Amino acid sequence: MQVSSYLKLSVGVAVVTIALKTLAWWLTGSVGLLSDAMESLVNVAGASFALAMVTLAARPPDEEHPYGHHKAEYFSSGFEGVLILVAALAIVYAAVKRLLEPQPLEELGMGLALSVVSSVLNGVLAWAMLRKAREHRSMALEADARHLFTDVWTSAGVVGGLVAVHFTGWLWLDPVLAIAVALNIVREALHLLKRSADGLMDHALDPQDQARIEQTLQRFYSPQVRFDHVTTRRAGQRRFVDLHLHLPAEWPLGRAVAMRGDVERALMDAVPGLRATIQLLSCDVEAAQVEEQEEVAS
């Protein structure tokens, strides 16, 4: 299955879980289950927006976007983070009202059973989505998977709290648990917003990818060949590296170009999906000199 297929499945599962959790809330009157259902509603909106952004990110470069549309996935992560924050505020509002005006809970057995079934669906899907997200380096899919995992832990906490209410008769546990759920999903929302901001600001590649790049370049080092000004960045599922390749000035152009091609292929083999931009310079030209010339020209 492709990334978009997982997101379509996520939308479908979210619709089913909303129905189950809303029914559970309607049967029991639990504000904790209401908060759980509201978070699932956010899942639908988040997964739908993520699907739209993944579709946009897959579009080829055009005149207005010559480097492609890969960063569109980060908007999905940020949007989902904002949705989670809004859901958390709504949960706190409902919980405070119930804390001030406690109400007895009904049909707990059926309500809890429906909540457990929906949690199992979300957990299985989230596990599969997170594996796919790591395989394809999809920020949108990872954000949706992590949100689903948050939903699973939320449901687990709600179920545990309602079981405690059943055995203790302490009705205040239900709204207090809902507030705890809200605080937990705020933490996840802030994490998603940070990841989104990092991506939009051209964050460097992961340390393991940078290590592979450095190890690959070490294979080409010699008294006549060296590298500097190695910088990396990521944009959605794409990864980039820019660097200077210094060669003897007396080398023929054909030999220099062949060397650059060998380095480029080795880097792409070491880090699948990498796009390498290699600038050829003679050994007697330093990166600082090149940068100074570029600043003067601009």
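All figures in this text were calculated on a predicted structure; none of them were measured in a lab.

Basis of the calculations
- Residues numbered from 1 in each chain as written.
- Predicted model: local features only at pLDDT ≥ 70, side-chain atom pairs only at ≥ 80, totals over all residues.
- Heavy atoms only, no water.
- Helix = DSSP H or I, 4+ residues; strand = E, 2+ residues; numbered from the N terminus.
- Buried < 20%, exposed > 50% of the residue type's maximum accessible area, 1.4 Å probe, protein only.
- Contact = heavy atoms within 4.5 Å.
- Areas by Shrake-Rupley, 256 points an atom, 1.4 Å probe, with all protein chains shown as cover.
- Lys, Arg positive; Asp, Glu negative; His and termini not counted.
- Charge placed at Lys NZ, Arg CZ, Asp CG, Glu CD.
- Axes fitted to C-alpha atoms, helices over the stretch in contact; angles between N-to-C directions.
- Left-handed = near helix turned anticlockwise from the far one by under 90°.
- Nonpolar A, V, L, I, M, F, W, Y, C, P; charged D, E, K, R; others polar.
- Polar contact = N/O pair within 3.5 Å; in protein donor to acceptor, adjacent residues only side chain to side chain.
- Patch = residues over 30% accessible without salt bridge, like charges linked within 9 Å, V, L, I, M, F, W, Y side chains within 5 Å.
- Salt bridge = Lys/Arg side-chain N within 4 Å of Asp/Glu carboxyl O.
- Pairing = 2+ DSSP bridges.
- Phe/Tyr/Trp six-rings, centres within 6.5 Å; stacked < 30°, edge-to-face > 60°.
- Lys NZ or Arg CZ within 6 Å of the ring centre and 35° of its normal.
- Core = buried A, V, L, I, M, F, W, Y, C linked by side-chain atoms within 4.5 Å.

Caption draft 1: Focus on the overall build of the protein. Across its full length, the protein holds nine helices and three strands. Secondary structure elements of the protein occur, N-terminal to C-terminal, as α-α-α-α-α-α-α-β-β-α-β-α. The principal-axis extents of the C-alpha atoms in the protein amount to approximately 85 × 35 × 35 Å. Residues classed as buried in the protein amount to 46% of the 298 residues present. Restricting to contacts in the protein with at least 6 residues of sequence separation, those with at least 24 account for 74%. About 15200 Å² of surface is accessible on the protein, with carbon and sulfur atoms providing 63% of the total. In the protein, which carries 25 positive and 33 negative side-chain charges, the distance between the mean positions of the two groups comes to 5 Å.

Caption draft 2: Here's a closer look at the packing of helix α7 (residues 207-218) against helix α8 (residues 253-270). Following both chains from N to C, one finds α7 and α8 inclined at 145°, their axes separated by 9 Å at the closest point. You can see that α7 and α8 cross each other, and the crossing is right-handed. For the pair formed by α7 and α8, the contact residues are Arg212, Ile213, Thr216 and Leu217 on the first element and Val263, Ala266, Leu267 and Ala270 on the second. Of the residues belonging to the contact of α7 with α8, the class tally is six nonpolar, one polar and one charged.

Caption draft 3: View of the side chain of His244. Mapped onto the elements of the fold, His244 is located in strand β2 (residues 238-247). Using a relative accessible area of 5% as the deciding quantity, one classes His244 as buried. There is a polar contact of 3.2 Å between the side chain of His244 and the side chain of Gln279.

Caption draft 4: Here's a closer look at a nonpolar patch on the surface. The grouping of Leu99, Trp170, Trp172 and Val176 at the surface amounts to a nonpolar patch, some 390 Å² of accessible area in total. Of note, Trp170 is situated in the loop between α5 (139-168) and α6 (173-200). Note on Trp170: relative accessible area 46%, which makes it partly exposed.

Caption draft 5: Region of the structure containing the sheet that holds strand β3 (residues 274-282). Spatially, the three strands line up as an open sheet ordered β1-β2-β3, and their pairing is mixed. Each end of this open sheet is capped by a strand with a single partner; those strands are β1 (226-235) and β3. Mean inter-strand twist for the sheet, computed between neighbouring axes without regard to direction, equals 15°. Of the strand pairs in this sheet, β1 and β2 are connected by eight bridges, and their pairing is antiparallel. The residue of β2 that forms the bridge with Thr232 is Val241. Along the sheet, α7 makes contact with β1, β2 and β3, crossing β1 at roughly 155°.

Caption draft 6: Examining the packing of aromatic side chains more closely. Across all of its chains, the model carries one aromatic pair by this definition. Arranged with centres 5.3 Å apart and planes meeting at 80°, the rings of Tyr221 and Phe227 form a pair that is edge-to-face. Over the ring of Phe240 we find Arg233, and its NZ or CZ is 4.2 Å from the ring centre. Across from the ring centre of Trp251, 3.7 Å away, lies the NZ or CZ of Arg255, which sits over that ring.

Caption draft 7: View of unusual backbone geometry. The backbone of His229 shows a phi angle near 55°, a positive value even though the residue is not glycine. Inspection of the secondary structure puts His229 in strand β1. Judged by relative accessible area, His229 falls into the partly exposed class, the value being 34%.

Caption draft 8: Quick peek at the nonpolar core. Counting residues in hydrophobic clusters, the biggest one holds 20 residues, and the most contacted among them are Ile213, Phe227, Met259, Val263 and Leu267. Looking at this core, the element that brings in the most residues is α8, giving five residues. When near neighbours in sequence (up to four residues on either side) are disregarded, Met259 contacts Phe220, Val225, Leu245, Leu247 and Trp251. Listed in part, the 15 residues of the second largest apolar core include Ala88, Ala94, Ala95 and Ala182.

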